[in-house]
Amino acid sequence: QVQLVESGGGLVQPGGSLRLSCAASGTFFAIGSMGWYRQGPGKERELVATITTGGRINYADSQEGRLTISRDNAKNTVYLQMNSLKPEDTAVYYCNADYKSSWSARYLGVWGQGTLVTVSS
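Residues numbered from 1 in each chain as written. Predicted model: local features only at pLDDT ≥ 70, side-chain atom pairs only at ≥ 80, totals over all residues. Heavy atoms only, no water.

Novice: Would you mind showing me how to read the sheet that holds strand 3 (residues 18-26) here?
Specialist: In a beta sheet, neighbouring strands are held together by backbone hydrogen bonds and run either parallel or antiparallel to one another. In space, the four strands of this open sheet follow the order 1-3-8-7, with antiparallel pairing throughout. Both outer strands of the open sheet, strand 1 (2-7) and strand 7 (67-72), are each paired with one neighbouring strand and no more. Going across the sheet, the axis of each strand differs from the next one's by a mean of 15°, ignoring polarity. (Pairing = 2+ DSSP bridges. Helix = DSSP H or I, 4+ residues; strand = E, 2+ residues; numbered from the N terminus. Axes fitted to C-alpha atoms, helices over the stretch in contact; angles between N-to-C directions.)

Listed below in structure tokens is the structure:
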């Protein structure tokens, strides 16, 4: 099976920056699209951004250019650079990936365990 491990979360001042990383490991034939989602206090999980293997990106409209998603296909890793952070960015950030095994007829989805980002003074 595929395992996703996120890192890079922590406490940051408003206006600060963080870079999150998510690495995929385990048994799979291929990794497809990867993305970041977040769930704030008392809120439902929402899309942050996704990126295909070819680098095509989809951002949530609310991010307003403050976030940059990227990936390293050789390392099966996706990144999220977060700048000008605001208190409302406080959330658990989850990595997601689509993958195929040698016996899969279609892509399956997998989630990481999440990493907490707290934006506070």
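So that's the structure; there's more coming.
Novice: Could you clarify how one ought to interpret the environment of Val-117 in this entry?
Specialist: Mapped onto the elements, Val-117 comes out in strand 11 (residues 115-119). When neighbours within four sequence positions are excluded, Val-117 is seen to be in contact with Gly-9, Gly-10, Leu-18, Leu-20, Met-82, Asp-89, Thr-90, Ala-91 and Tyr-93. (Contact = heavy atoms within 4.5 Å.)

Novice: Even after reading the chapter, I still don't get the side chain of Thr-77, so can you show me in this structure?
Specialist: Mapped onto the elements, Thr-77 comes out in strand 8 (residues 77-82). Polar contacts involving the side chain of Thr-77 include one to the main-chain carbonyl oxygen of Lys-75, which spans 2.9 Å. Setting aside residues no more than four positions away along its own chain, Thr-77 makes contact with Cys-22, Ala-23, Met-34, Ser-70, Arg-71 and Asp-72. (Polar contact = N/O pair within 3.5 Å; in protein donor to acceptor, adjacent residues only side chain to side chain.)

Novice: Explanation requested: the state of the cysteines in the structure shown.
Specialist: Between two cysteines, a covalent bond joining their sulfur atoms is known as a disulfide. Inspection of the entire model under this criterion finds one disulfide. Residue pairing for Cys-22: its cysteine sulfur links by disulfide to Cys-95, the two sulfurs lying 2.1 Å apart. Disulfide Cys-22 to Cys-95: torsion about the S-S bond roughly -85°, handedness left-handed. Placement of the pair is Cys-22 in strand 3 and Cys-95 in strand 9 (residues 91-100), with a sequence separation of 73 residues. Accessibility expressed as a relative area gives 0% for Cys-95, which makes it buried. (Disulfide = S-S within 2.5 Å. Buried < 20%, exposed > 50% of the residue type's maximum accessible area, 1.4 Å probe, protein only.)

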